[in-house]
Amino acid sequence: MLILVEAHAQAIDGRFAWTDSYTLLSSDLVGGTGSFQREPVGSSWTYLQFARRMISESDNVAANILLRRLGMRHLNERAHQLGFAVTRFEREFMDFEGQRNGLENWTTARETGALVRAIFRREILTKDACDAMIALLEHTSRGRIAAGVPREIPVGHKSGTLPGCRHDAGWVRVPGHPYILSVFLDNVLERPAGEEDRGVAALDAIGRMIYDTVGPTEE
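Residues numbered from 1 in each chain as written. Predicted model: local features only at pLDDT ≥ 70, side-chain atom pairs only at ≥ 80, totals over all residues. Heavy atoms only, no water.

**As for the pairing of strand β3 (residues 155–162)**
Turning to step 1, where the next piece is worked out: Pairing geometry for β3 and strand β4 (residues 165–172), over 8 bridges, is antiparallel. In the strand pairing of β4, His157 is matched with Gly170.
Turning to step 2, where the next piece is worked out: Connecting the antiparallel pair β3 and β4 is a turn made up of 2 residues, with Gly164 showing a positive phi of about 80°. (Pairing = 2+ DSSP bridges. Helix = DSSP H or I, 4+ residues; strand = E, 2+ residues; numbered from the N terminus.)

**Regarding helix α2 (residues 47–57)**
Turning to step 1, where the next piece is worked out: Taken as a whole, α2 has its buried residues at Tyr47, Phe50, Ala51, Arg53, Met54 and Ile55.
Turning to step 2, where the next piece is worked out: Those residues of α2 hidden inside the fold are in contact with α1 (2–13), β1 (21–23), β2 (44–46), α3 (60–70), α7 (127–137) and β3.
Turning to step 3, where the next piece is worked out: A positive backbone phi angle near 50° is found at Ser58, which sits one or two residues after α2. (Buried < 20%, exposed > 50% of the residue type's maximum accessible area, 1.4 Å probe, protein only. Contact = heavy atoms within 4.5 Å.)

**Section: the sheet that holds β4**
Turning to step 1, where the next piece is worked out: Strands sit in the order β3-β4-β5 across an open sheet of 3 strands; the sheet is antiparallel. The open sheet has two free edges, formed respectively by β3 and β5 (179–185), since each of these has just one partner strand. With direction set aside, neighbouring strand axes in the sheet form an average angle of 5°.
Turning to step 2, where the next piece is worked out: Bridge count between β4 and β5: 7 bridges; the pairing is antiparallel. By the bridge assignment, Gly170 is partnered in β5 with Leu181.
Turning to step 3, where the next piece is worked out: Relative to the sheet, helix α8 (residues 198–214) contacts β4 and β5, its axis offset from that of β5 by approximately 155°. (Axes fitted to C-alpha atoms, helices over the stretch in contact; angles between N-to-C directions.)

And the structure:
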């Protein structure tokens, strides 16, 4: 989410253009989630295309390309300007060597929720930038905090999966009473491939419970 915000900030300042393209290198291809790892080396894509898959698929290749283009230092400065005490980048995604050397990426459910709220309320950057981020985040798949929410109610969210961790953060546009929900799960029991993902199932259950509790109002 912070990468998306920083990209819009740099676009506003004229330091970044969504229509600029980048050509995939073999060194860009990493595993984990996302379909860019299966795209041919040498193919070119715009930064907007990378951003779309970064959000919709949690694409690690796309996230790393944007992270390098925007600059990790600028992302961390942005987090500091937003008043976040924990959120920061220390390595690229799927950089296991960096991880073994003690480098990690950090955030919290509270700080991620605050960022989501600022976007949804259009309290960050410009209204046009927030509108663009809202449109992108509301075109992600359902499930997790969107579980149990009728499809006619827009949900904008960004989920993620790491070994032992599952999370999701976003908003649900309940008529008259929209709400922000940010849930991070740790120590999730990993199941063999093909079995139910208990972390995702728990997020689905939380999404349904919150929606059933809040529910639409007539305000």
